[in-house]
Amino acid sequence: MVRPIMKDPLFLARKAEPATAADIPVAQDLLETLIAHKDHCVGMAANMIGVNRRIIAFDNEGTYMVMYNPEIIKTAQPYYAEEGCLSLDGVRPTRRYKSIKVRYQNEAFQVRLKTFTGFTAQIIQHEIDHCEGILI
Ligand SMILES: [Zn+2]
């Protein structure tokens, strides 16, 4: 189900709670909402659809990927970028890393470790910031 985009700054500033298997329908809605906005959006976190759980969905070089409870455990090569967000107007400057290592749970709730680089790494950093209650 495509859900409305949450824009309340107080809700978006809350740190997300850990996700469990009971949140699988939330991830499905998140993916459907992301796809509905695909012309101008490459990633979303669950709090952007009003559910304060640690789930993100994003475009991984043409394939959609969902992560439960993602955490960045290693970073390399900082740089400055400008980003926009469906929950905000305009673009803002931010510091990102060209390479990140992420620990997350997949759709079967198995723990996985994966390194991402470039634009995908940038999207994941933006969405994990949402999980921390951080807006660009
Ligand atoms: Zn955003």
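Use the structure listed above.
The present account deals with the structure reproduced in this document. (Residues numbered from 1 in each chain as written. Predicted model: local features only at pLDDT ≥ 70, side-chain atom pairs only at ≥ 80, totals over all residues. Heavy atoms only, no water.)

### Things to note about the overall build of the protein
Formally: Counting from the N terminus, the helices are DSSP H or I runs at least four residues long and the strands are E runs at least two residues long. Throughout, radius of gyration means the C-alpha value; the globule benchmark is 2.2 Å times the number of residues raised to the power 0.38. With a 1.4 Å probe rolled over the protein chains alone, any residue whose accessible area is under 20% of its type maximum counts as buried; one over 50% counts as exposed, and the rest are partly exposed. By the convention used here, residues are in contact when the closest approach between their heavy atoms is within 4.5 Å. Surface accessibility in these figures is a Shrake-Rupley result with a 1.4 Å probe; residues are shielded only by whichever protein chains are displayed. Residues scored as positive are Lys and Arg, those scored as negative are Asp and Glu, and His as well as the terminal groups of each chain are ignored. Throughout, a charge is located at the NZ atom of Lys, the CZ atom of Arg, the CG atom of Asp or the CD atom of Glu.
A tally of regular secondary structure across the protein gives 3 helices and 5 strands. The order of α-helices and β-strands along the protein, N terminus first, is α-α-β-β-β-β-β-α. For a compact globule of 136 residues, the expected C-alpha radius of gyration is about 14 Å, and the protein comes in at 14 Å, within 12% of that figure. Dimensions of the protein, computed from the C-alpha atoms along their principal axes, are close to 35 × 35 × 30 Å. Residue burial in the protein is summarised as follows: out of 136 residues, 49% are buried. Excluding contacts between residues fewer than 6 apart, the proportion of contacts in the protein whose partners are at least 24 apart in sequence is 64%. In the form shown here, the protein has an accessible surface area of approximately 7100 Å², with 53% of it arising from carbon and sulfur atoms. Here the protein contributes 16 positive and 16 negative side-chain charges, whose respective centroids are spaced 7 Å apart.

### A short note on the layout of surface pockets
Put simply, the rule reads: In this analysis a 1.4 Å probe is tested at points of a 1 Å grid over the protein atoms alone, and where it fits but cannot get out there is a cavity; an open set with protein on both sides within 12 Å along at least five of seven lines is a pocket; lining residues have an atom within 4 Å of a point. Grid points are joined across faces, edges and corners, and a volume is the space filled by probe spheres set on the points. Residue polarity follows a fixed list, in which Ala, Val, Leu, Ile, Met, Phe, Trp, Tyr, Cys and Pro are nonpolar, Asp, Glu, Lys and Arg are charged, and the others, Gly among them, are polar.
Within this model, the largest pocket holds a volume of roughly 280 Å³. In terms of lining residues, the largest pocket is bounded by 16 residues, among which Val42, Gly84, Cys85, His126 and Glu127 are the most central. For the lining of the largest pocket, the element with the most residues is helix α3 (residues 118-131), which contributes 6 residues. Of the residues contributing to the lining of the largest pocket, the split by class is 7 nonpolar, 6 polar and 3 charged.

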